[in-house]
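Each chain, written out:
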Amino acid sequence: MRALVVYESMYGNTRAVAGNIADGLRADYEVTVVPVAEATAELVARADLLVAGAPTHMHGLSSTSSRQMAAQAAAKDGSELRLDPDAGGPGMHGWLKDLGHGDGLATAFDTRINGVPAFTGRASRPIAKLLKRHGYRLTAAPASFLVSSQSTLLDGEADRARRWGMTIAAASKTYLPAHA
Ligand SMILES: Cc1cc2nc3c(=O)[nH]c(=O)nc-3n(C[C@H](O)[C@H](O)[C@H](O)COP(=O)(O)O)c2cc1C
């Protein structure tokens, strides 16, 4: 069975979480992890499970302007923020809009600031909604992984992401034929 983990990341947190989820999935799946720019239709078509994640920007998915704001914040004198190698790439929202119809399994995650979701927002919600709109069946509730206000992943979140990967791998088995 193949899983494709697609992420958007400006500062590397969502990329790191994607890698940890992939490690958890590897118990049951052959896993490919790619930034949005490399998530081709061919990779999507070959995947039995699609896992999509992005940082929460302005309570939801990033936009061109929020990504510019993120890049400007990193460029400020004295900033400790470092741009991810793929930060200049396209965002998750555009990728999801162009995603073809799929009848496979999928799930969504995000990174966001540690706080009450009603105040922080969660990018995983619109990701899940768009995946469903394209015909995907969600195997698990969308998940958030938390960062500090300085945008560093909180202690324990990498491990939690790995465990979540194992959980969604196990949950997905109940949807797949026994031989898969
Ligand atoms: C422009 C911008 C807007 C943001 N808006 C929110 C927000 O509304 N809610 C939230 O929880 N975090 C927000 N954040 C924090 C990011 O979600 C958080 O830093 C995330 O972990 C970054 O992921 P990345 O390192 O993969 O880019 C925002 C960050 C930026 C740069």
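Coordinates for the structure precede this section.
Rules and cut-offs
- Residues numbered from 1 in each chain as written.
- Predicted model: local features only at pLDDT ≥ 70, side-chain atom pairs only at ≥ 80, totals over all residues.
- Heavy atoms only, no water.
- Helix = DSSP H or I, 4+ residues; strand = E, 2+ residues; numbered from the N terminus.
- Buried < 20%, exposed > 50% of the residue type's maximum accessible area, 1.4 Å probe, protein only.
- Contact = heavy atoms within 4.5 Å.
- 1 Å grid on protein atoms, 1.4 Å probe; cavity = no way out; pocket = protein on both sides within 12 Å on 5 of 7 lines; lining within 4 Å.
- Points joined across faces, edges and corners; volume = space filled by probe spheres on them.
- Nonpolar A, V, L, I, M, F, W, Y, C, P; charged D, E, K, R; others polar.

> Just checking my understanding: could you explain unusual backbone geometry for this structure?
Across the chain, the bulk of peptide bonds are trans and the bulk of non-glycine residues have phi less than zero. In this structure, His59 takes a positive phi of about 75° despite not being glycine. Structurally, the position occupied by His59 is in the loop between strand S3 (49–55) and helix H3 (64–75). By relative accessible area, which is 52% here, His59 ends up exposed. With a phi angle near 65°, Ser151 is a residue other than glycine that sits in the positive phi range. Counting through the fold element by element, Ser151 comes out in the loop between strand S6 (143–147) and helix H7 (157–173).

> What should I look at first to understand the environment of Asp84 in this one?
Position of Asp84 among the secondary structure elements: in the loop between H3 and helix H4 (92–98). We classify Asp84 as buried; its relative accessible area is 5%. In the structure, Asp84 is positioned 71 residues away from Asn13 in sequence and 8.9 Å away in space, judged by C-alpha atoms. Sequence-distant contacts of Asp84, defined by excluding residues within four places in its chain, comprise Tyr7, Ser9, Met10, Tyr11, Gly12 and Arg15.

> Help me out: how do you make sense of the environment of Pro90 in this one?
Within the secondary structure, Pro90 sits in the loop between H3 and H4. Taking relative accessible area as the criterion, Pro90 reaches 46% and is therefore assigned partly exposed. Once residues lying within four places of it in the same chain are set aside, the contact partners of Pro90 are Val36, Ala37 and Arg67.

> How should I be thinking about the layout of surface pockets in this particular structure?
Where empty space is left can be seen by rolling a probe of water-molecule size over the atoms. Volume-wise, the largest pocket comes out at about 550 Å³. Taken together, 25 residues make up the lining of the largest pocket; nearest its centre are Tyr11, Thr56, His57, Ile113 and Ser151. Secondary-structure elements contributing two or more residues to the lining of the largest pocket are helix H1 (13–25), H3 and strand S4 (105–113). When residues in the lining of the largest pocket are grouped by element, the largest group, 4 residues, is from H3. Looking at the lining of the largest pocket, its residues break down into 10 nonpolar, 14 polar and 1 charged.

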